[in-house]
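Fold and contact review
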Protein chains: 4
Amino acid sequence: MSNLHEECGVFGIYDLDESQDVASSVYYGLLALQHRGQESCGIAVSDTSGPKGRVKAIKGMGLVNENFSREQLESLKGNIAVGHVRYSTAGASTRENAQPLVLNYAKGTLALAHNGNLINALELRHELEVSGCIFQTTIDTEVIAYHIARERVKCGSVEEAVGRAADKLKGAFSLVVMSPRKLIGMRDPWGFRPLVLGKRDNAYVFASETCALDTIGATYIRDVEPGEIVTVTRKGVFSDKSRCNKSEKERGRCIFEYIYFARTDSYIDGVSVYNARIKAGRFLAQDSPVDADLVCGVPQSGNAAALGFAMESGIPYGSAFYKNSYVGRTFISPKQSQREKGVQVKLNVLREAVRGKRVVLVDDSIVRGTTSDRIVSMIREAGAKEVHMRISSPPFLWPCYFGTDVPERHQLIAYNRSVEEIRQIIGADSLAYLGIDRLPDLIGGKLGICNGCFTGNYPMKTPDINIHNVLEEE
Amino acid sequence: MSNLHEECGVFGIYDLDESQDVASSVYYGLLALQHRGQESCGIAVSDTSGPKGRVKAIKGMGLVNENFSREQLESLKGNIAVGHVRYSTAGASTRENAQPLVLNYAKGTLALAHNGNLINALELRHELEVSGCIFQTTIDTEVIAYHIARERVKCGSVEEAVGRAADKLKGAFSLVVMSPRKLIGMRDPWGFRPLVLGKRDNAYVFASETCALDTIGATYIRDVEPGEIVTVTRKGVFSDKSRCNKSEKERGRCIFEYIYFARTDSYIDGVSVYNARIKAGRFLAQDSPVDADLVCGVPQSGNAAALGFAMESGIPYGSAFYKNSYVGRTFISPKQSQREKGVQVKLNVLREAVRGKRVVLVDDSIVRGTTSDRIVSMIREAGAKEVHMRISSPPFLWPCYFGTDVPERHQLIAYNRSVEEIRQIIGADSLAYLGIDRLPDLIGGKLGICNGCFTGNYPMKTPDINIHNVLEEE
Amino acid sequence: MSNLHEECGVFGIYDLDESQDVASSVYYGLLALQHRGQESCGIAVSDTSGPKGRVKAIKGMGLVNENFSREQLESLKGNIAVGHVRYSTAGASTRENAQPLVLNYAKGTLALAHNGNLINALELRHELEVSGCIFQTTIDTEVIAYHIARERVKCGSVEEAVGRAADKLKGAFSLVVMSPRKLIGMRDPWGFRPLVLGKRDNAYVFASETCALDTIGATYIRDVEPGEIVTVTRKGVFSDKSRCNKSEKERGRCIFEYIYFARTDSYIDGVSVYNARIKAGRFLAQDSPVDADLVCGVPQSGNAAALGFAMESGIPYGSAFYKNSYVGRTFISPKQSQREKGVQVKLNVLREAVRGKRVVLVDDSIVRGTTSDRIVSMIREAGAKEVHMRISSPPFLWPCYFGTDVPERHQLIAYNRSVEEIRQIIGADSLAYLGIDRLPDLIGGKLGICNGCFTGNYPMKTPDINIHNVLEEE
Amino acid sequence: MSNLHEECGVFGIYDLDESQDVASSVYYGLLALQHRGQESCGIAVSDTSGPKGRVKAIKGMGLVNENFSREQLESLKGNIAVGHVRYSTAGASTRENAQPLVLNYAKGTLALAHNGNLINALELRHELEVSGCIFQTTIDTEVIAYHIARERVKCGSVEEAVGRAADKLKGAFSLVVMSPRKLIGMRDPWGFRPLVLGKRDNAYVFASETCALDTIGATYIRDVEPGEIVTVTRKGVFSDKSRCNKSEKERGRCIFEYIYFARTDSYIDGVSVYNARIKAGRFLAQDSPVDADLVCGVPQSGNAAALGFAMESGIPYGSAFYKNSYVGRTFISPKQSQREKGVQVKLNVLREAVRGKRVVLVDDSIVRGTTSDRIVSMIREAGAKEVHMRISSPPFLWPCYFGTDVPERHQLIAYNRSVEEIRQIIGADSLAYLGIDRLPDLIGGKLGICNGCFTGNYPMKTPDINIHNVLEEE
């Protein structure tokens, strides 16, 4: 039930069988990644059997579901494709900023899909502008595109240009780049954002999460390593690991992917998101136990941690809510008038499940606190005797520079408040967060993580100001 | 996960405070009832403070969410309103057949919303036609409308006309009728379909289910009794129970409302749908126990019964699936080609939850069997050691004449097949259905129920042929 | 440039070759009749080779052009069809009121398309309501439909029922009625509104105007006579003239069809609309000559009369305006603010054509006078030395009861004003109207006409009040 | 009735009164220029009173009328704006290629609207690519944008950068450039495409044609001179004529703007389009007289020349056609099947006007000949005794490199055919074209013109191949 937003999902596919059109596979892959971005989406295709360099793309605002008709999908002929779903962290939510970014340059055509956020984007952009570049979007991806294009003129292959460009980028980037004859996946050396490689028959697939592989019937091969460049050509798959230059503990995998962003059925860097959440629940039950009759998750993201809490504590697990799946994006929100105040359209309580019970509510996070407040009240009004809140992450205290939309500090409920103060605000009988020291163990304790949003310590030096949306104001 | 379709949801509201516009309340109420029908929807309003007899309506194909803009809602001025969501059981799925049906007649204007199915609609229609009536739709509601209009000319009030018309109708009908100054709710004497009465400040509300009351912040008063006519006027609420002429055991409440159709958070005739499903699960655990490691529901409708099974059996309850909530109505289905065969967009398995486990899967019903087959395979491919299927209803064997879209017998997997044969088809390690004798106990054992779809015994004599869609062929 | 609105256009086609789908012919026919109504449109088809009584219809608000996709047209399978374009004279502009009206009754299915206005619709409707009928629209057509249905039960054929129903109707009606096996065209005995019969290969066609025949490549056979019922069946064309019971001089052909409503390229009752307008211009030049340098029409409806004036007077004919054909229905009108006051989007003056000239401007009518005022100013500001207005009809003074949307008397500029007073208001140097005595000669002097809007003398007794829109208020 | 397409229309406005929003003026201006391009359109605004550098734009495929809602127009706040309507001569018809092109660069933001075609675009693009530039569109405008951005870094002002960029461009360009605080209009030194300057209250306006000034109520000041840069800032209007370096006879005003492209009510370089066409008709009458009864234009573009022919010859001028204004862009074209062959939706003949007459038909051009063939047949079938075709331009024989979509030579009917051969193909009794020597006199004889499409002589050296659409193929 977090109001945090993931930034983007990327997808790429290259079917070595040239007779296969892959646009519909991208469509299904993007549907599986839709939770990573709902503002805009797009698909670009290239046909290696067709005239050189022809890339066709369809992009639009809104959901995958709303943007593509069967006719349109069928018009996207080609056996290589790249797709993107977007939530805007940097750059406004406009049609111009939709990805994949398709461009022509000295060596032909490229299509780019990018997940992440650069912390030196403004500097790089400024340098480019001074050298005479123009920018038609406000997304970091355009900066990356320029660097690839400029390097490509100087070196022998697109994949080499991608690597050279990457050397100049600081921050989070999981990239899928399509040239008319190649598909390249790359992940920044810190590994902030996930990227996996899969296979289906003769096709190789890149995706932000394994769930997209499952959805299209592809098999997981492995994660792209932080710093690795994987290139798919007509001749097969090639890996360049020369930039895998961080030690494991220097790396900065976003721990919040496991806690909230990713789908429960996905695996990131070999670790099951589901298991990580189960563990978070177990840790909470160990560290902050409570005597209760029922453990429930706040739908949907709190469910797995709630199950873990139940397993560990022995308190029965159940559901306390009915979630209305018919409330879509075009839903007309109730006004703030007295009359419509009581309207509860998205979530209703299962009174029979909670009446007279001491309820443990597990959620992934508390951001501003308003949702938690309302949910605790709903459960209580439905007759719960006690409501205990357990949060499967530490308190949010710091900005994210690497591709997540955390609000400014003064809007964060945990900023300058004790846990007891927060408890009072949300009206729970007790409240506990997951301890920071528990985070590494969620994913096995061996992988380097970024927990900057909880600690203020980031895997790399961060700028003094939060760069979000700054571009828009210039 | 049933593919059965409920027929309709109805909603009505009368705010005695004439300054209050109620269209947005209908909108939220219909959103709460959307699970009862997704083919078309509509809202009709009347303003008791305005010129006599002006009724304004907006209707359309598709979801509530898609059909109303804020401007449109605001254009529907008035303090009485009636709303409808529809799935077509009789009558084609066309704009003409969308409800509420709005009509002018000798005494003014009426708007009707109807949930149910008449078994004598064809005879009544034929009689009306012979007497010179014309029909512009193919829905039963138009037959009801004619009868009300004809009776109204002969008697003193709309509510009396509704009653007299009802005397001629055989079958299932939960009706909300709006005249420019009155709002009337009526339920057939058998009580096939639900209808409740609620209140919010000065407004009285009718709705198919209590969840719609919760959604708009109204309080449940009571269910409309089978055969009762409840009339709301400027002077208050009046009840006519002269047609409550069936003994409780003669009544025919649809047991499938509890098993599948209604929302888990609703109460029908005072009985919690959630509790009924928990009981179904408990009964299954008692009657058809199995040694296993995990109990899961088939989302979403199987979840509560699965929880009941877990409670009773002591086997841990959990979730085995991720359900993609971004797959909307306009979703482009995978083709039946080899290539798109493996595509699994709507439902993916949580491998970590089921791997190596003996899993009990609980679903509300098996209709044709194709879905169950696929789901059992998915769980098994994800690594489950055993898959045991438990169905929280008896096998479907007979048609429904009272407002549900049960396929023809030869399409039903249970028709002419033993449970063992079905088990083999769906590939489960064991399969058990809820016993027919358990049905009354789901809802306390005292209320008269219709279980015709399982037994072939209906609360009233049924026609020789299934009347669905016959009108279209004439 | 009149702001008067024609009420409707009707079209029907029966291809005796059952293998021919005719929906696209209706589509093109309705495009040709679009000037007769732009509010809603519809097509209904029947397939005589298919299952008995299946009629399929598509209707919608707005233009023909906007309402039908190729897929939709192709889905309308069948060799009989009826179509309609509507401007609302009686009955609100809503989807419910769109035609053709499709209905089921004791003897099967009917689809009706109606052009005209009944003056006894309210009485007939009241009688029907008292006998238990319900009305789902507010159009006269529903009254006609009931009468046909009721008569059909008592007599031997649809065409006979149409005739018996017609005996009860007073006012203007040109009707096309489709039963699953027949297509019937009828015109009221006064002949207010036009209706022609044509033929293309094996298909018979009814249309409001001959231009629709030309458009689909059909040949004109003859006009349906006032009072005649023409029936097309599998066996051919049959005529019933038993209701052609008015003498020619009793008839009431709407003279305004010739002056403004109909297309210039149409023929009504054998008389060319173009020639009638040329004559109107000639008469104006004879009766109200003026010394001038240029004769122009107000686009488009004034052009033919202007040409007639030029021919008769010897003054050169030309064009004074550029009309922007890209200003569609969804055009955002300029606000009445100071800033947008000067905005002239639809019509611009050809300065070079009028500068320094004495211009005769010919228009078909002046209704409220606001348009004329603006146009005279525009011409003058563009440098014309003199502007002389000539109107090819007499002044509007009385309501129309027969299917035209004339505003209420107090809004008519000619009401209670002399021609000199009107001239001053519109700012012309001179102004003259066509004399009432000239009207019969426009169409040869032999056909009975209705000139009630100019004289207050109607071909039949009219009600005391104007019935337009009364239904909406009840 | 030419099937040639103009390339684009541009519009810009700067209201020195900062409180005035100008988006609606652009909207009306673009409606007036819609004949210059119907594929895509867009508006970009800047608010000089707002935060520095914020430019907001809305673009879309299709007509102005279809792309902007009132809400959208109102969301475009600002007192400077630039607008564009496009027909694609170079660059595919896609959303990406819609203008204005909005970009950020070292010195801030720019929005560009361009009418014309560069002949060195490919070379310039190649140079830019080699230097590391990327291209997101396939339009020349992006090349221009890069040049302006690169020059701006090196010089003191945007207007200076526009000038320096222009020095590198070869071909046709009428440009409107908006920076956050300035509006700049420039025309190439040859003056191929028109551009005028106007004024309304405190606002200065650039537009492709004067008709856009008239439409928004602005006054014509003067044409931008070939080679001139006009800059509007907060302080007023400034002119830089240092690039007006061609003598009048070296200039290359497109003569086809006068013959066909521009609106009849526009003035280009001080010459009335209407008068030019009247003259063309007069010249035809002098040079190729014919004995006839009626002179008609092929709607609409042939009308003025027809009037000129009538004036000169003394033969009466009239109209031979009814043009259906309800046939919009989404119109479903008749199939080429036998059945739909006779369908004539857009144009019908006024039989009464032409029957028995010797008709002179005047059209602006014959491109492929198919339209002329059909029109001559229609007139003849309607009963004309003779049909004489007069064309108000010389035969098309050569490609246009400067912004017009002339088909390839082998598709031109005049290519390798004598006038007599063409006459036989179109079936006219006689045929004559305007002589090439008459062209200068159409516009006064003193202005330098480009008549390359008739003569193959262009005002500048042209490339060996036609560059249209080449970019798409690379």
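Residues numbered from 1 in each chain as written. Chains lettered and ligands numbered in written order. Predicted model: local features only at pLDDT ≥ 70, side-chain atom pairs only at ≥ 80, totals over all residues. Heavy atoms only, no water.

A word on the relation of the copies chain C and chain D
With an axial shift of 0.0 Å and an RMSD of 0.1 Å, the rotation relating chain C to chain D amounts to 180°. The two molecules are tied by a two-fold rotation axis, judged by turn and shift. (Least-squares fit on C-alpha atoms with pLDDT ≥ 70 in both.)

So, the side chain of Thr233 of chain A
All names here are of chain A. Residue position: Thr233 is located in strand 12 (residues 229–233). On the basis of relative accessible area, Thr233 is assigned to the buried category, the value being 12%. Residues in contact with Thr233, not counting those within four places in the same chain, are Tyr14, Leu16, Arg181, Lys182 and Phe238. (Helix = DSSP H or I, 4+ residues; strand = E, 2+ residues; numbered from the N terminus. Buried < 20%, exposed > 50% of the residue type's maximum accessible area, 1.4 Å probe, protein only. Contact = heavy atoms within 4.5 Å.)

Looking at the packing of aromatic side chains
For any pair of aromatic rings, geometry is given as the distance between the ring centres together with the angle between the planes. Taken as a whole and assessed by the stated rule, the structure comprises 58 aromatic pairs over all chains. In this structure an aromatic cluster arises from ring pairing among Trp190, Phe192, Tyr401, Phe402 and Tyr458 of chain A. For the cation-ring pair, Arg409 of chain A lies above Trp398 of chain A, with the distance from its terminal atom to the ring centre recorded as 4.0 Å. Arg125 of chain B extends its terminal NZ or CZ atom over the ring of Phe135 of chain B, reaching a point 4.3 Å from the ring centre. (Phe/Tyr/Trp six-rings, centres within 6.5 Å; stacked < 30°, edge-to-face > 60°. Lys NZ or Arg CZ within 6 Å of the ring centre and 35° of its normal.)

Things to note about the relation of the copies chain A and chain B
Note that the two copies of the chain are related through a rotation about an axis and a translation along the same axis. For the pair chain A and chain B, the relating rotation is 180°, the translation along its axis is 0.0 Å, and the fit reaches an RMSD of 0.1 Å. Looking at the interface residues of chain A, 100% of them are also at the interface in chain B, so both copies use one shared face.

Description of the nonpolar core
The biggest cluster of nonpolar side chains holds 165 residues, and the ones touching the most others in it are Val354, Leu361 and Ile379 of chain A together with Val354, Leu361 and Ile379 of chain B. The contact partners of Ile379 of chain B, leaving out residues within four places of it in the chain, are Ala320, Phe321, Val349, Val354, Val359, Leu361, Ala384 and Val387 of chain B. (Core = buried A, V, L, I, M, F, W, Y, C linked by side-chain atoms within 4.5 Å.)

Regarding helix 12 (residues 370–381) of chain A
Residue and element names in this part refer to chain A. For helix 12, spanning twelve residues, the distance from its first C-alpha to its last is 17 Å, which sits close to the expected 16 Å at 1.5 Å a residue. Within helix 12, the full set of buried residues consists of Ser372, Ile375, Val376, Met378 and Ile379. With its buried residues spanning 160° around the axis, helix 12 presents them on a single face. Relative to its buried face, helix 12 has exposed residues pointing more than 90 degrees away, namely Thr370 and Glu381. Gly383 sits one or two positions beyond helix 12 and adopts a positive phi of about 110°. (Expected span 1.5 Å × (residues − 1). Arc of directions from axis to C-beta.)

Honestly, that's just the spatial picture; any functional story needs more than this.
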